[in-house]
Amino acid sequence: WMHFILPFLNEQLDKMSLHGVSGKQIEQEVVDFVRECARLYYINKDHVPSATIGYLLLKTILNCVRHGYVETERFPFLAANIIIYHYQDARNSAAAGGAAGSSAKVPPPLEWLRECFRSSIAHQRLQLRAVEEIAQRLLGQHDDLDGDLDAAAAGTTISAAQQRDVLLVLATIDDESCFYFWQQLAASSPKIIKSNERAVKKLLSTVQRMVLAAVDKRRVDSRKVDACAEMLRALEPCINHRCAAPLFQLTLQVLALKPLAHQSGYSDETLSRIARKIPPDVGLTLPCCLEALERCGSLTREALCAFVPHLLLTDPDTSVRAEALRVLRYRSDLLVPYCNMIIAAAHATGTISGTDVDAVLDDATLAVAAAPTLAQLAIVHSPAVVAVVEFLVRAAKTTRFNDPQEKPDIGVLLAIDVIAENKSMGELALAFTERGKKRDLQLLQKVAKLSPKWRKVVEAMEHSGILQVCRSASDTAAAGAAAAATSAATSSATTATTTTATSTGAVPAVVAARKVKKSSGSSGKIRKNSSKGNTVDVAAGAASTITTLLEEDKLVGEIEKACNDKKPMVALYLCNQLRSTSSTTFQQRGLPLLRCRILPLLVTTNAIPTPTNAAAVSSSNGDVAPEFSDGVLQNYNQYMSAMRQVQSLFIDEAERALQLQRRIDDLNEAKVRKILSTEGPMRARLWMSENRVAAPHLLTLVEMYELQGAVVAAHDPAAATVAAATTGGAA
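Right, let's walk through the structure included here. Every value quoted in this text rests on a predicted model; they were computed, and no experiment measured them.

Calculation rules
Residues numbered from 1 in each chain as written. Predicted model: local features only at pLDDT ≥ 70, side-chain atom pairs only at ≥ 80, totals over all residues. Heavy atoms only, no water. Helix = DSSP H or I, 4+ residues; strand = E, 2+ residues; numbered from the N terminus. Contact = heavy atoms within 4.5 Å. Areas by Shrake-Rupley, 256 points an atom, 1.4 Å probe, with all protein chains shown as cover. Bend = angle between axes of the 7 residues up to and from the residue. Buried < 20%, exposed > 50% of the residue type's maximum accessible area, 1.4 Å probe, protein only. Salt bridge = Lys/Arg side-chain N within 4 Å of Asp/Glu carboxyl O. Axes fitted to C-alpha atoms, helices over the stretch in contact; angles between N-to-C directions. Parallel < 35°, antiparallel > 145°, perpendicular 65-115°, else oblique. Left-handed = near helix turned anticlockwise from the far one by under 90°. Nonpolar A, V, L, I, M, F, W, Y, C, P; charged D, E, K, R; others polar. Core = buried A, V, L, I, M, F, W, Y, C linked by side-chain atoms within 4.5 Å. Arc of directions from axis to C-beta. Phe/Tyr/Trp six-rings, centres within 6.5 Å; stacked < 30°, edge-to-face > 60°. Lys NZ or Arg CZ within 6 Å of the ring centre and 35° of its normal. Patch = residues over 30% accessible without salt bridge, like charges linked within 9 Å, V, L, I, M, F, W, Y side chains within 5 Å.

With respect to the overall build of the protein
Then, number 1: From N to C terminus, the protein includes 37 helices and zero strands.
Then, number 2: Relative to all contacts within the protein whose residues are 6 or more apart in sequence, the contacts with residues 24 or more apart total 68%.
Then, number 3: For the protein, the accessible surface area stands at approximately 37400 Å², while carbon and sulfur atoms represent 54% of it.

Structure below.
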């Protein structure tokens, strides 16, 4: 069989036509001879075949398939059976520690699949179906067996591990027929591909090598490229997020190899679905994104907003710009560099007063999408506050037209509130007054009507006098401009009168006109200088007020930072500084921080000590003596100094929140008891005198200890002598 019969049969097959079965008796005898060999070794199993004869028989069967002999002879089943038999034989021999009977010239059994997917074999649709059936049987996906082949199929079903090995081999074949097989497998059995991620990655690597080879050779096989493109399209539902980025990049590269006239089969929806599977932390390369923006439609560009939103701010499609604006909300690194582009992208081409319905809808869509992003921009970039607030006020008006109840969109209103919550009054005052425009002050009144939080900010500005000063500055500037215009008009009229008088010969009139002109010019100059001086004084007052507010905001920020860093004493001194700077700001912002954060932080950080038996002391009405740790009693002076400082700065708040005086008394009592128990009443009296502790109950406690000592001395003089030696000596 190996040396004579199979080579002879291959010679006879090569003489046959490739256009189909001719029906000649001699050709049918040759095909039957090939089937007889398969019956002896793999159906009846009369002999044990070696890997060499199996490989030669498979190539002969594939030669029969190449000439059109497929369905009647069941050659696809026989070919699959040969590969499975030798694959399992090789695995069993390896598990037993031996070696399968094969020649060094014969490749491993699964590598025989490469012979099946050669272009010379699957050159027509009939042959392509045959080799696809071979691969399906190897994967366990083809089970329509009948007749005498049922017995031969017994015991040849492969496991999941064997199925994985088959897919890994198929993933390395870069032939047109294999690409069509992957396309069919993705459509019929997507679960197999989903459960074999390693094979999918290897398949994508194979396609990558094919693309690079085509670029290097500057020659493209259009049929192979078409098959590859269709395969990548079919793989889209079967891949996970880990394979999405390579699939997207490969798809663009394969499409770049195709002529533009043949790319209509690839839809924008497919590319957009692949792009949406890519995790944001993985992303795409910039050249890949630029290529996609040039080739793809609006759906794919909208999906790419997750990676390059700043490149899509000028996109002509409204939905793409809206998605880019939504994504930029979470990209703080891009907000400030692209500030002007973000604000410009939020405006549609139409206007709300126009008759174009699409323009009005575009305005509303962009307004809702851009509102959170613009609010975040205003928070991180103060120079953009006025422009952002102006847009949000306009957006509230725009979205009201699309609401059945004529109410602004809730997202726009929340964005307006977020700015007021995260920006201090000083920063907002500086933003709306630094340009000195009356329009900015009017904008404040408009936004105050939309948001209660902004209304409080405007009321605080009114209360601090900022708005009055700025209005006076703008009014004075307007009056100065009007006076200058009136002076210019008067000068022009006088010149005209003088010219008329000169032409008529009235010399006295000329002299009178000159006097009037000189008088009016000097008075106009005085008024101009006066207006200029008033404007400068008013502007200086506004700048001074805003500077004070900014300093107060800075103090509040330092207090919050000290609280976050768990430095309550630093925060306490800063809070006292804020109180001395502005009582109003202290009442509005400093006092809540003092009560809710600073004073509780003194206890939690152990800056003010708490008795170890605090619960028993608080519930005993004075019957239980307070106890402190040895560390606290040893550092008595440090803790007492801290409590005295807190008491001197904020006595009322400290007493209300911490009951500070009771804590001081408890610490004094614990210290006195400690000295009485270790050093005696004489040392306790001396300590109380040095630290100016004169609480009546502590004096009574010391007297009780002294009385106990006297009673002991009366009954036991020796013990009294020892006690005097230990306590009196220490005193």
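Thoughts on helix α29 (residues 583–604)
Then, number 1: The largest bend along α29 reaches roughly 45 degrees and is located at G590, with the proline P592 sitting one to four residues downstream.
Then, number 2: Taken together, the buried positions of α29 are occupied by T585, F586, G590, L591, L593, L594, I598, L599, L601 and L602.
Then, number 3: Backbone geometry just after α29 places N606 at a positive phi near 65 degrees.

What about the pattern of salt bridges?
Then, number 1: Overall, the coordinates contain 25 salt bridges when judged by the stated rule.
Then, number 2: In this structure, R114 and E111 form a salt bridge, with 2.6 Å as the shortest nitrogen-oxygen distance.
Then, number 3: One salt bridge in this structure joins R673 and E669, with 3.2 Å as the shortest N-O distance. Highlighted residues: R673 and E669, both in helix α34 (residues 660–678), separated by four residues, approximately one helical turn.
Then, number 4: What you see here is one network of salt bridges that share partners, running through E197, K201 and R242.

Details of the packing of helix α32 (residues 636–649) against α34
Then, number 1: Their axes nearest at 10 Å, the elements α32 and α34 cross at an angle of 160 degrees. One element, α32, and the other, α34, form an angle in the roughly antiparallel class. Of the two elements, α32 crosses α34, and the hand of that crossing is left-handed. Contact with α32, carried on its side by Y636, Y639, M640, M643, R644, V646 and Q647, involves L660, Q661, R663, I664, L667, N668 and K671 of α34 and no other residues of that element.
Then, number 2: When the residues that make up the contact of α32 with α34 are grouped by side-chain class, the tally is eight nonpolar, three polar and three charged.

Points about the nonpolar core
A general trend in soluble globular proteins is that nonpolar side chains are found buried together.
Then, number 1: Core analysis: the biggest nonpolar cluster contains 162 residues, and F117, L170, W182, F248 and W454 have the highest contact counts within it.
Then, number 2: Examining the composition of this core, we find that ten residues originate from one element, helix α13 (residues 241–257), more than from any other.
Then, number 3: Every residue in contact with L170, bar those within four places of it in the chain, is listed here: L113, F117, A135, C178, F181 and W182.

Description of unusual backbone geometry
Glycine aside, the phi torsion of most residues is negative, and most peptide linkages are trans.
Then, number 1: The phi angle at N606 is positive, at roughly 65 degrees, despite the residue not being glycine.
Then, number 2: The exposure class of N606 is partly exposed, given its relative accessible area of 36%.
Then, number 3: A positive phi angle, near 55 degrees, is found at R692, a position not held by glycine.
Then, number 4: By the secondary structure assignment, R692 is in the loop between α35 (681–690) and α36 (696–715).

Observations concerning α35
Then, number 1: Of the residues making up α35, those classed as buried are P681, A684, W687 and M688. Looking straight down α35, one finds its buried side chains confined to an arc of 120 degrees; they lie on one side. In α35, the exposed positions that point more than 90 degrees away from the buried face belong to M682, S689 and E690.
Then, number 2: Looking one or two residues past α35, R692 carries a phi angle of roughly 55 degrees, positive in sign.

Describing the packing of aromatic side chains
Then, number 1: With the rule as written, the count across this model stands at seven aromatic pairs.
Then, number 2: Judged by centre distance (6.0 Å) and plane angle (50 degrees), the rings of F117 and F181 are tilted. Of this pair, F117 sits in the loop between α5 (113–116) and α6 (125–138) while F181 is found in helix α9 (residues 176–188), placing the two residues 64 residues apart along the sequence. Of the two residues, F117 and F181, neither departs from the other in class, the shared state being buried.
Then, number 3: Ring centres of F586 and F650 lie 6.1 Å apart, and the angle between their planes is 15 degrees; this geometry places the pair in the stacked category. Pair noted here: F586 is in helix α29 and F650 is in the loop between α32 and α33 (651–658), with a separation of 64 residues, a long-range link.
Then, number 4: Judged by relative accessible area, which is 4%, F586 ranks as buried.
Then, number 5: For R400, the ring lying beneath its charged end belongs to F401, and the centroid distance is 5.6 Å.
Then, number 6: In this arrangement the basic side chain of R579 is found over the ring face of F586, its NZ or CZ atom lying 5.8 Å from the centre.

Things to note about a nonpolar patch on the surface
Then, number 1: Together, L286, L290 and L311 make up an exposed nonpolar region whose accessible area comes to about 260 Å².
Then, number 2: For L290, the position within the fold is in helix α15 (residues 286–295).
Then, number 3: Overall, L290 belongs to the partly exposed group, its relative accessible area being 45%.

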